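# Residue-level structural notes
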2 protein chains.
Amino acid sequence: MGLVVQKYGGSSVADAEGIKRVAKRIVDAKKNGHQVVVVVSAMGDTTDELIDLAEQVSPIPAGREFDMLLTAGERISMALLAMAIKNLGHEAQSFTGSQAGVITDSVHNKARIIDVTPGRIRTALDEGNIAIVAGFQGVSQDKKDITTLGRGGSDTTAVALAAALDAEVCEIYTDVDGVFTADPRVVKKARKIDWISFEDMLELASSGSKVLLHRCVEYARRYNIPIHVRSSFSGLQGTWVSNEPRGDRKVEQAIISGVAHDTSEAKITVVGVPDKPGEAAAIFRTIANAEINIDMVVQNVSAASTGLTDISFTLPKTEGRKAIDALEKQKDAIGFESLRYDDQIGKISLVGAGMKTNPGVTASFFEALSDAGVNIELISTSEIRISVVTRADDVNEAVRAVHTAFGLDSDSAEAVVYGGTGR
Amino acid sequence: MGLVVQKYGGSSVADAEGIKRVAKRIVDAKKNGHQVVVVVSAMGDTTDELIDLAEQVSPIPAGREFDMLLTAGERISMALLAMAIKNLGHEAQSFTGSQAGVITDSVHNKARIIDVTPGRIRTALDEGNIAIVAGFQGVSQDKKDITTLGRGGSDTTAVALAAALDAEVCEIYTDVDGVFTADPRVVKKARKIDWISFEDMLELASSGSKVLLHRCVEYARRYNIPIHVRSSFSGLQGTWVSNEPRGDRKVEQAIISGVAHDTSEAKITVVGVPDKPGEAAAIFRTIANAEINIDMVVQNVSAASTGLTDISFTLPKTEGRKAIDALEKQKDAIGFESLRYDDQIGKISLVGAGMKTNPGVTASFFEALSDAGVNIELISTSEIRISVVTRADDVNEAVRAVHTAFGLDSDSAEAVVYGGTGR
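All of these numbers come straight from a predicted model, not from anything done at the bench.

Turning our eyes to something else, we now look at the interface of chain B and chain A. At the junction of the two partners, chain B supplies 40 residues and chain A supplies 40 residues. Between chain B and chain A lies a buried interface of about 3400 Å² when both sides are counted; carbon and sulfur atoms form 64% of it. Its largest share of buried area at the contact with chain A, chain B owes to Val57, Glu65 and Arg75 of chain B, together 21% of the area lost on that side. Linking chain B with chain A are two salt bridges, by the criterion used here. Here Asp145 of chain A ties to Arg120 of chain B by a salt bridge, and the two come within 2.9 Å at their closest N and O atoms. Counting across the chain B and chain A interface gives 14 residue pairs in polar contact (both at pLDDT 80 or more). If one sorts the elements of the side of chain B that touches chain A by residue count, helix α4 (residues 72–87) of chain B sits on top with 11 residues.

Below is the structure:
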């Protein structure tokens, strides 16, 4: 039996009962002969409460001190978890990100891991301990300051430790049973995915699936660490994310992995842009200089009579104000007529590696949307994903229609291998 | 202007408003030209809440993980305080005990400081920062584990840093105006002491005064660091604790510094002890082996007829059970008849360096108690202190009577120089 890294999110350790339940599960893994490293998030709403306190004392943007503040949350949960494990008669030691050797750059609040030197973790394991590590945090290489990894950081900590310790698997415990073919809150018949490739998971993550974040999956793919996403509330198998289905699991890769949706984005249309070389570059350089990540980009066909065109792109709603301000400042330099801002949009994405070799997929996707009466405003495709932008109000209906059309509903016989409809 | 260390307790930083108020005060000291190092405790009841959580997950006694847990409290308050200071336009950086170079032994939950290497604090100060340091915590020299210093640990952190940084003064900010001649909750006319010697403060602290703990005063005396105890809620001068009254302060040393009381102790009487050499040693070796600190010890006069005597001692109530168990186990070896346990006692102590050269003090003390109808059960004296044990119910009345008798009441003209009563 090898080494496993288990990661438990805030909802799994929300209170003393949750911590005791998680401790039992960890001890079970140890009893099964594994060396166990546990990465834990802050309890329940602790992080939000700390952010709230910070806002009360200072409106100044987050930085070094903000990271120092937030890391208190994991310190509490990891110490309590170690105590609960000891209470079950097993040895456990907790480690801060710094003690665990999680070395990051110095970008406070969203630091990137640049190295993991888990010497103390190895020693603790060799001495028979279960090692508990604070998720979400590290120490900066140059200044030795405490840093945090930003949203989803605990998952990244777990995968990075799994890679550094050459773990057999990184188990991500959460409050859902795994990755689903669509958001089960929207699609009642959504089905748990038994196995999904890193590539498809990356596309789902960047299309709005919240279960795993893009960054964590990317890290796992780079170091080829299998991820097992599962519930901390049940003993069920969850979703395996890896390069290949595991040898003992007979899973045929579906053509379509799932349908993701996202209503956190807004659309900006730059109206009346001269249709000449360099215009798009000027617009997106302006956006990039404001450190805003954009998602989809579409340029309309130029109207021959005016020589002007429109360029639309989507971006997180939270960055909308900043983008508008940045573009307005450059209005004369770029030479557009006006800006339109629309935050009542939604994005629906169909993801699956089978798309590449099944030319009918795109057509079926659009037909399903058309049959559901959903109007398409933007389209963007990759080799294994098609995304469309619609009205926000249409998103749930669109997701359900597409899910059904591709035979993903849990009572459908066409679930695993697509192609039966002949479309 | 030199370097000052300021320490703020949990009640001073109980909420966002408190933190902002403290931040202003710190900035004022900086504006006055001082280099400022701040030691801060956990906010309000944070530590108690963490202890409560720990008890919910595990009844196992505190240790390494417990320390890891508790130190989260200071991490929160220090980061918030640094943010509040930045918000006032000044630079501040927060440091954990480990980052500040507070090196301790490995005795978790009550570690002792063995060295302070404040290199990062010096650098932060030299760069113009206000340095905020987590109180109550350090890092163990051998294992590099997080430790806590036990009750009153933040005061000790402050004094130790003041010594290591050669500070001008260590200011201890609290929710009272300073050290009083008696507990103001018991004695309405208790008066704030302007200056008190280290020695008298040590005796007051070990006699039940809660404002400063013995350990912290001892540390300050060893390194000759003046302490200024004062309120964080007002701008008033508080109480100076130092070797000599400061040059610019005309304070005549009072013969009596104050009256302290303590109702946290219990009394154990070992009945029927053979009156021969080695008996007392056997009893107190037994107690010492159980790692229990005792306070007063009194051996009664032996009854000639039986050759047996009684030995009484006081100890913290919390250690009562342990002491009884340890003695019972050794009953035959020591050869006593029985044990009596009494936790309804109180201790009243009169403290003052003037006692040494004023022989009337002891007599006046006993007369005051007698006039108030208070029965004395045990007596213990040092060169600058007299303590008596009474019934717990009599303590408040006894304190008031003694306070008045020695002219300590705030409306008395005899306050500073004792001797007027002729007793």
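There's more to say after this.
All right, on to helix α7 (residues 198–206) of chain A then. All names here are of chain A. Of all nine residues in α7, seven are buried; the element is thus mostly enclosed. Along α7, the residues that are buried comprise Phe198, Asp200, Met201, Leu202, Glu203, Leu204 and Ala205. Directly beyond the C-terminal end of α7, a positive phi value near 120 degrees is found at Gly208.

This next bit is on the environment of Asn243 of chain A. All names here are of chain A. Within the secondary structure, Asn243 is located in the loop between β12 (239–242) and β13 (258–262). For the pair Asn243 and Thr174, spaced 69 residues apart in sequence, the C-alpha to C-alpha distance is 22 Å. Apart from the residues within four sequence positions on either side, Asn243 is in contact with Trp195, Phe198 and Asn224. A polar contact of 3.1 Å, which involves the side chain of Asn243, links it to the side chain of Asn224.

Right, let's talk about the packing of aromatic side chains for a bit. In the structure shown here, the tally under the stated rule is eight aromatic pairs over all chains. Between the aromatic rings of Tyr8 of chain A and Tyr173 of chain A, the centroid separation amounts to 4.6 Å while the plane-to-plane angle is 10 degrees, which identifies the pairing as stacked. Linking Tyr8 of chain A in strand β1 (residues 3–8) with Tyr173 of chain A in strand β9 (residues 169–174), this pair joins segments that are 165 residues apart in sequence. Here Tyr8 of chain A falls in the buried class, since its relative accessible area comes to 0%. A centroid spacing of 5.8 Å and a plane angle of 40 degrees characterise the contact between Phe365 of chain B and Phe366 of chain B, whose relative ring orientation is tilted. Over the ring of Tyr219 of chain A we find Arg222 of chain A, and its NZ or CZ is 5.2 Å from the ring centre. The ring of Phe95 of chain A carries the charged tip of Arg64 of chain B above its face, separated from the ring centre by 5.1 Å.

Below, the discussion takes up the packing of helix α1 (residues 16–31) of chain B against α4 of chain B. All names here are of chain B. Relative orientation of the contacting elements α1 and α4 amounts to 60 degrees, with a least axis distance of 9 Å. Looking at the two axes, α1 sits oblique to α4. In the crossing of α1 with α4, the sense of the turn from one axis to the other is right-handed. Contacts between α1 and α4 involve Ile19, Val22, Ala23, Ile26 and Val27 from the first element and Leu80, Leu81, Ala84 and Ile85 from the second.

Let us look at the pairing of β12 of chain A. All names here are of chain A. In β12, alternate side chains face the same way, and those of Thr239 and Val241 on one face and Trp240 and Ser242 on the other are all buried. Two strands pair when backbone bridges link them, and strand β10 (residues 195–197) and β12 are joined in this way by three bridges, in the parallel orientation. The partner of Ile196 across the bridge, within β12, is Val241. Relative to β12, strand β11 (residues 227–231) runs antiparallel, the two sharing three bridges. Within β12, the residue paired with Ile227 across the bridge is Val241.

The next thing to look at is helix α2 (residues 46–57) of chain A. An α-helical turn contains 3.6 residues, so a residue and the one three or four places further along point in the same direction. Counted at 1.5 Å a residue, the expected span for α2 of chain A with its 12 residues is 16 Å, and the 17 Å between its end C-alpha atoms agrees. Those residues of α2 of chain A that are buried lie in contact with α3 (64–70) and α4 (72–87) of chain A together with α1 and α4 of chain B.

Our focus in this paragraph is the environment of Gly44 of chain B. All names here are of chain B. Tracing the backbone through its elements, the reader meets Gly44 in the loop between β2 (35–40) and α2 (46–57). Sequence-wise, Gly44 and Gly18 are 26 residues apart; in three dimensions their C-alpha atoms are separated by 10.0 Å. When sequence neighbours within four positions are dropped, the list of residues in contact with Gly44 reads Gly10, Val13 and Ala14.

All right, on to the confidence of the model for chain A then. All names here are of chain A. Residues with a pLDDT of 70 or more make up 94% of chain A, whose mean pLDDT is 90. At the low end of the mean pLDDT range in chain A sits strand β15 (residues 297–299), at 80; at the high end sits strand β2 (residues 35–40), at 98. Note that pLDDT drops below 50 for residues 413–423; the model gives that stretch 20 contacts with residues more than four away or on any other chain.

Rules behind the numbers
Going along each chain's sequence as written, the residues are numbered from 1 onward. Chains and ligands are labelled sequentially in the order written, the chains with letters from A and the ligands with numbers from 1. Thresholds applied to this predicted model are a pLDDT of at least 70 for local features of residues and 80 or more for the giving and counting of side-chain atom pairs; totals over whole chains, interfaces and linings are not thresholded and use all residues. No hydrogens and no water enter the side-chain calculation; it runs on all heavy atoms of the structure. The contact definition used throughout considers only heavy atoms, calling two residues in contact when any of these lie within 4.5 Å. The buried area of a pairing is the accessible area, by a 1.4 Å probe, that goes missing from both parts when the two are put together, added over both. Throughout this description, the term salt bridge denotes a Lys or Arg side-chain nitrogen within 4 Å of a carboxyl oxygen of Asp or Glu. Pairs of N or O atoms within 3.5 Å make up the polar contacts considered here, provided that, within protein, one atom can donate a hydrogen while the other can accept it, and that residues adjacent in sequence are counted only when both atoms are side-chain atoms. Numbering of helices and strands starts at the N terminus; helices are DSSP runs of H or I of at least 4 residues and strands are runs of E of at least 2. Three exposure classes are used, based on accessible area relative to the maximum for each residue type with a 1.4 Å probe and protein chains only: buried under 20%, partly exposed in between, and exposed over 50%. Pairing of aromatic side chains here covers Phe, Tyr and the six-membered ring of Trp, requires ring centres within 6.5 Å, and sorts the geometry by plane angle: under 30 degrees stacked, over 60 edge-to-face, intermediate tilted. Charge over a ring is defined by NZ of Lys or CZ of Arg lying within 6 Å of the ring centre and within 35 degrees of the ring normal. Structural elements are reduced to axes, namely lines fitted to C-alpha atoms, with helices fitted over the stretch in contact, and the angle between N-to-C directions of any two is expressed from 0 to 180 degrees. Oblique is the label for any angle not covered by the other classes, which are roughly parallel (under 35 degrees), roughly antiparallel (over 145) and roughly perpendicular (65 to 115). The handedness criterion is simple: a crossing whose near helix is rotated anticlockwise from the far helix by less than a right angle is left-handed, and one whose near helix is rotated clockwise is right-handed. A pair of strands is considered paired only if DSSP assigns at least 2 bridges between the two. The span you would expect from a helix comes to 1.5 Å times its residue count less one. Along the chain, pLDDT gives the predictor's confidence residue by residue, from 0 to 100.

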